[in-house]
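Analysis of the macromolecular model
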Amino acid sequence: MASSVKLPPTANLGWATVTLNATGPFQHDDLDHTHRFQIQEFRRPEFELTATASEGPHFVGGHAELTAQARYYTGGGLPNAEVKWQVNYQTANFTPPNRGDFTFGKWIPWWESPAYDGGDWQEFNGRTDSSGAHRLRVELDALNPPQPVVVTAMTRVEDVNRQELSAATEFLVHPATLYVGLRSPRLFVQQGEPLVVETIASDLDGKLIPERELVLRAAFLEWTYEDGEWREKEAEAQSCTVKSANAPDLFINLPEVGAGGAVRGVIAPLLAEQPS
């Protein structure tokens, strides 16, 4: 069945309740149902709100400027209005253009779920200026280990009639001007076989940068039981230094792997080159 009920124009705003009762020869206490719904009043927005970030690229050690802009639809800015900011970051991945066949940053195998790694939300308050704008400077501190992060910023503005609007923006922060990419034709090898890994050094636009020193590291990963839980730890790590070129082949001799062991991957740090 379906039915409609017209609400009286004097109904209070907020939560309301409707109760349905089954009647007839099969009436039973279990045939009652209560449903809650909200009564709201539509108010046409009197102003619009936008949130933007300064033009990138953004790098660790620098800063970004966030701007909240509130404007009346009738023209002009919304001055002296309260502004509330919430800013957070979350680790991210970045792949330069046309380099999708290489892995950059931390490789997550298909059998594992990526873990959320972000900071707490930070709150900031202020007021719009005479043009209806408010600007917030965000310092971009370094993370350890170096990795790209996405900064998300949400802002809310309320006018004199207590009408509140919200807007959001986000931007990417790079840990360096160059990235190290890795590629291997095989994910698994037998004991005693060499592990072939190709390396490149790329800028943010995907251009290969030759003759840069890269430090690569391979490690055998094993499970150990510590403090009441299983943890994966590195053992028998090997390192080498190579020069970047146009995707050269690198042969790494694997450590002796015991029964049931495996080497899962190669770990390479981001190039520690900050923008000048």
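Residues numbered from 1 in each chain as written. Predicted model: local features only at pLDDT ≥ 70, side-chain atom pairs only at ≥ 80, totals over all residues. Heavy atoms only, no water.

Attention now goes to the overall build of the chain. When helices and strands are counted, the chain shows zero helices and 17 strands. Evaluated residue by residue, the chain yields a buried proportion of 31% over its 276 residues. Here the contacts in the chain between residues at least 6 apart in sequence split such that 68% fall between residues at least 24 apart. Here the chain displays about 18500 Å² of accessible surface, and carbon together with sulfur accounts for 49% of that area. (Helix = DSSP H or I, 4+ residues; strand = E, 2+ residues; numbered from the N terminus. Buried < 20%, exposed > 50% of the residue type's maximum accessible area, 1.4 Å probe, protein only. Contact = heavy atoms within 4.5 Å. Areas by Shrake-Rupley, 256 points an atom, 1.4 Å probe, with all protein chains shown as cover.)

Let us look at the packing of aromatic side chains. Across all of its chains, the model carries two aromatic pairs by this definition. On the basis of an interplanar angle of 40 degrees and a centroid distance of 5.1 Å, the ring pair of Phe94 and Tyr179 is categorised as tilted. Of this pair, Phe94 sits in the loop between β6 (82-91) and β7 (103-104) while Tyr179 sits in strand β12 (residues 178-183); the two residues are 85 residues apart in sequence, bridging distant segments of the chain. Against the face of Trp15 rests Arg36, its NZ or CZ located 4.4 Å from the ring centre. (Phe/Tyr/Trp six-rings, centres within 6.5 Å; stacked < 30°, edge-to-face > 60°. Lys NZ or Arg CZ within 6 Å of the ring centre and 35° of its normal.)

Taken together, the side chains of Trp107, Trp110, Trp111, Leu187 and Phe188 present a nonpolar region at the surface, about 620 Å² in accessible area. With respect to the secondary-structure elements, Leu187 resides in the loop between β12 and β13 (195-203). Residue classification places Leu187 among the partly exposed positions, given a relative accessible area of 46%. (Patch = residues over 30% accessible without salt bridge, like charges linked within 9 Å, V, L, I, M, F, W, Y side chains within 5 Å. Salt bridge = Lys/Arg side-chain N within 4 Å of Asp/Glu carboxyl O.)

This part is about the pattern of salt bridges. Using the criterion set out here, one finds 10 salt bridges in the structure. Note that Arg135 and Glu65 form a salt bridge whose closest N and O atoms lie 4.0 Å from each other. Of this pair, Arg135 sits in strand β9 (residues 133-139) while Glu65 is found in strand β5 (residues 63-72), placing the two residues 70 residues apart along the sequence. Here Arg135 falls in the partly exposed class, since its relative accessible area comes to 47%. The shortest N-O distance in the salt bridge between Arg231 and Glu229 comes to 2.9 Å. Assessed through its relative accessible area of 33%, Arg231 is described here as partly exposed. Each of Glu226, Asp227, Glu229, Arg231 and Lys233 takes part in one network of salt bridges that share partners.

This part takes up the layout of surface pockets. Taken as a whole, the second largest pocket spans an internal volume of roughly 390 Å³. In terms of lining residues, the second largest pocket is bounded by 19 residues, among which Tyr89, Gln122, Val138, Glu139 and Asp141 are the most central. Looking at the lining of the second largest pocket, the elements with two or more residues in it are β6, β8 (122-127), β9 and β10 (149-158). Split by residue class, the lining of the second largest pocket holds 12 nonpolar, three polar and four charged. (1 Å grid on protein atoms, 1.4 Å probe; cavity = no way out; pocket = protein on both sides within 12 Å on 5 of 7 lines; lining within 4 Å. Points joined across faces, edges and corners; volume = space filled by probe spheres on them. Nonpolar A, V, L, I, M, F, W, Y, C, P; charged D, E, K, R; others polar.)

For the rest of this paragraph, the subject is the sheet that holds strand β3 (residues 47-53). An order of β3-β5-β9 is seen for the three strands of this open sheet, with the pairing classed as antiparallel. The strands lining the two open edges of the sheet, one partner per strand, are β3 and β9. Neighbouring strand axes in the sheet, compared pairwise and without regard to direction, differ in orientation by 15 degrees on average. Pairing of β5 with β9 involves seven bridges; the strand directions are antiparallel. Counted as the bridge partner of Ala68 is His134 from β9. (Pairing = 2+ DSSP bridges. Axes fitted to C-alpha atoms, helices over the stretch in contact; angles between N-to-C directions.)

What follows deals with unusual backbone geometry. Cis geometry is adopted by the peptide bond preceding Pro57, which originates at Gly56 and carries an omega value of 10 degrees. Assignment of secondary structure puts Pro57 in the loop between β3 and β4 (58-59). In the Ramachandran plot, Asn98 falls in the positive-phi region, its phi being about 65 degrees despite a non-glycine side chain. Within the secondary structure layout, Asn98 lies in the loop between β6 and β7. A relative accessible area of 74% places Asn98 in the exposed class. Here Asp227, not a glycine, exhibits a phi torsion of approximately 50 degrees, which is positive. Summarising the element assignment, Asp227 is placed in the loop between β14 (213-226) and β15 (229-243).

Turning next to the environment of His134. Among the secondary structure elements, His134 is positioned in strand β9. On a C-alpha basis, the gap between His134 and Thr67 in space is 5.7 Å, while along the polypeptide they are 67 residues apart. His134 has contacts with Leu66, Thr67, Ala68, Val83, Trp85, Gly126, Arg127 and Thr128, leaving out every residue within four places of it along the chain.

The subject of this paragraph is the sheet that holds strand β11 (residues 164-174). Spatial ordering of the open sheet is given by β4-β11-β10-β6-β8, a layout of five strands whose pairing is mixed. Each of the sheet's edge strands pairs with one partner strand only, and the pair in question is β4 and β8. Strand direction decides the pairing type here: β6 and β10, joined by 10 bridges, are antiparallel. Following the sheet pairing, Glu82 is matched in β10 by Glu158.

No statement about biological role is implied by the geometric values presented.
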